[in-house]
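One-letter residues, chain by chain:
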Amino acid sequence: MDYTATQSGFRQQPDMRLRNSSVDGTDGSQLFEDTSAAASGSQTGNQQAGLQAAGFPSLSDPMSNLAMAYGSSLASQGREMVDKNLDRFIPISKLKYYFAVDTVYVGKKLGLLVFPYMHENWEVSYQQDTPVAPRFDVNAPDLYIPAMGFITYILVAGLALGTQNKFSPELLGVQASSALVWLIMEVLAVLLSLYLVTVNTDLTTIDLLAFSGYKYVGMIVGVVAGLLFGKPAYYLSLLWCCAAIFVFMIRTLRLKLLSEAAAEGRLVRGARNQLRMYLTMSIAAAQPIFMYWLTYHLIR
Amino acid sequence: MAFTLYSLIQTAILCINAVAVLHEERFLSKFGWGVDQGVGGFGDDPGVKAQILTLIRSVRTVMRVPLIIVNAACIVLLLLFG
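Residues numbered from 1 in each chain as written. Chains lettered and ligands numbered in written order. Predicted model: local features only at pLDDT ≥ 70, side-chain atom pairs only at ≥ 80, totals over all residues. Heavy atoms only, no water.

## Observations concerning the layout of surface pockets
In this structure, the largest pocket encloses a volume near 610 Å³. Those elements that provide at least two residues to the lining of the largest pocket are helix H7 (169-196) of chain A together with helix H1 (5-20) and helix H2 (47-81) of chain B. (1 Å grid on protein atoms, 1.4 Å probe; cavity = no way out; pocket = protein on both sides within 12 Å on 5 of 7 lines; lining within 4 Å. Points joined across faces, edges and corners; volume = space filled by probe spheres on them. Helix = DSSP H or I, 4+ residues; strand = E, 2+ residues; numbered from the N terminus.)

If you want it as structure tokens, here you go:
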């Protein structure tokens, strides 16, 4: 009797352990390695040593012991609450997906943004209903390149304004907020037009943010060429990048916005398909316009 | 051309105010954009006009109370700080 009781109790635990580890395992291998455990362990050790060095009342006193334990539990509770509420407004776990990139992906994607004419398969591959992380699929949108491109654009804009002797540190902030406002307005306009045309698509807001952020790469190439080689080079490289971004956006959005038949290239009649086609073209055409608008004042 | 985030907030408040003051009976019905003229069929193709009408009506319904609060706050802040 005793042996069977312990056996059944023993059997429950391994199952639970397996379930937890499988969830952690796939998450970690899919996106990032989990280095937090090691880091947080060393951090708490440092904290305690730091507190003692700062001359706190001696830890042997039971009251201060109790107070410290209470304080640390309060702090961890507060941190949990902040995390939970922050997750409600900014989906942090979804954001992590967009930053799961590696060097090979970034290189290939930058090449695609500047020269999209040879790429044939533009579909995003899925893995059991969830899109594959950008690390494994060149066609998946990411937020790393737009974020880095935005920051680089601001720095290059500061450099360009400096060559015109118009630089001051406030100007960097003005450029940054200006570009950010244009980006937000563009994403809102695209969202509004998607709502009006009632397109059933799985494009999320963050996807649209990523697609709108890809034009910064072309802008940086144009401005740097203009700084190095003069105005004709600026116009030439901007023209090339505008055409490249136009083709890139059309080929990417075609699969997401248009119906299946139209996306394969067959002519499909009907007012709705026409509207969708116009929508795709106008989103793609807005990119070169923004690219020119945001850079022409940098190269005089 | 120097946009700031503050001007974006201003634009948003002004636009939502503009949509909120569109009166159904006195104004929109004259254009054929009233409450009863919008939702035609229940098929899967509402059309652009029906979507716009739904959007206007939903903005007016949802944003009425928050707009009162935001406008009052804006008035107070502009009076105090110019």
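What follows continues from the structure just given.
## A word on the pattern of salt bridges
Residues and elements named next belong to chain A. If you walk through the whole model with that rule in mind, you get 1 salt bridge over all chains. The partner of Lys-215 in a salt bridge is Glu-186, and the shortest N-O contact between them spans 2.8 Å. Highlighted residues: Lys-215 in helix H9 (residues 215-229) and Glu-186 in helix H7, separated in sequence by 29 residues. Like Lys-215, the residue Glu-186 is buried in the burial classification. (Salt bridge = Lys/Arg side-chain N within 4 Å of Asp/Glu carboxyl O. Buried < 20%, exposed > 50% of the residue type's maximum accessible area, 1.4 Å probe, protein only.)

## Regarding the side chain of Lys109(A)
Residue and element names in this part refer to chain A. Relative to the assigned elements, Lys-109 resides in helix H5 (residues 103-114). Nearest to the buried, unbridged Lys-109 among oppositely charged side chains is Asp-142, at 5.3 Å. At a separation of 3.0 Å, a polar atom in the side chain of Lys-109 contacts the main-chain carbonyl oxygen of Val-138. Beyond its immediate stretch of four places on either side in the chain, Lys-109 contacts Val-138, Asn-139, Ala-140, Ile-145, Tyr-214 and Phe-248. (Lys, Arg positive; Asp, Glu negative; His and termini not counted. Polar contact = N/O pair within 3.5 Å; in protein donor to acceptor, adjacent residues only side chain to side chain. Contact = heavy atoms within 4.5 Å.)

## Some remarks on the confidence of the model for chain B
Confidence in the prediction for chain B averages 81 pLDDT; 82% of positions are at 70 or higher. Model confidence for the complex: the whole-complex pTM is 0.73, and ipTM, which rates the interface, is 0.83. (pLDDT = per-residue confidence, 0-100.)

## Digging into the interface of chain A and chain B
On the chain B side, the residues contacting the 15 residues of chain A number 15 residues. Of the roughly 1400 Å² buried between chain A and chain B, counting both surfaces, carbon and sulfur atoms make up 75%. A per-residue breakdown of the area chain A buries against chain B is headed by Val181(A), Tyr195(A) and Leu196(A), which together make up 36% of the total. Counting across the interface, chain A meets chain B through 0 salt bridges. Sorting the residues of the side of chain A that touches chain B by element identifies H7 and helix H12 (271-295) of chain A as the ones contributing at least two each. (Buried area = accessible area lost by both parts, 1.4 Å probe.)

## Some words on the nonpolar core
All names here are of chain A. Ranked by internal contacts, the top residues of the largest apolar core, which has 50 residues, are Tyr-153, Tyr-214, Met-249, Leu-257 and Leu-298. Looking at this core, the elements with two or more residues in it are H5, helix H6 (144-163), H7, helix H8 (205-213), H9, helix H10 (231-257) and H12. In terms of residue count, the dominant contributor to this core is H10 (9 residues). Sequence-distant contacts of Tyr-214, that is, excluding residues within four places in its chain, are made with Tyr-105, Lys-109, Leu-113, Ala-140, Pro-141, Asp-142, Ile-145, Pro-146, Ile-245 and Phe-248. (Core = buried A, V, L, I, M, F, W, Y, C linked by side-chain atoms within 4.5 Å.)

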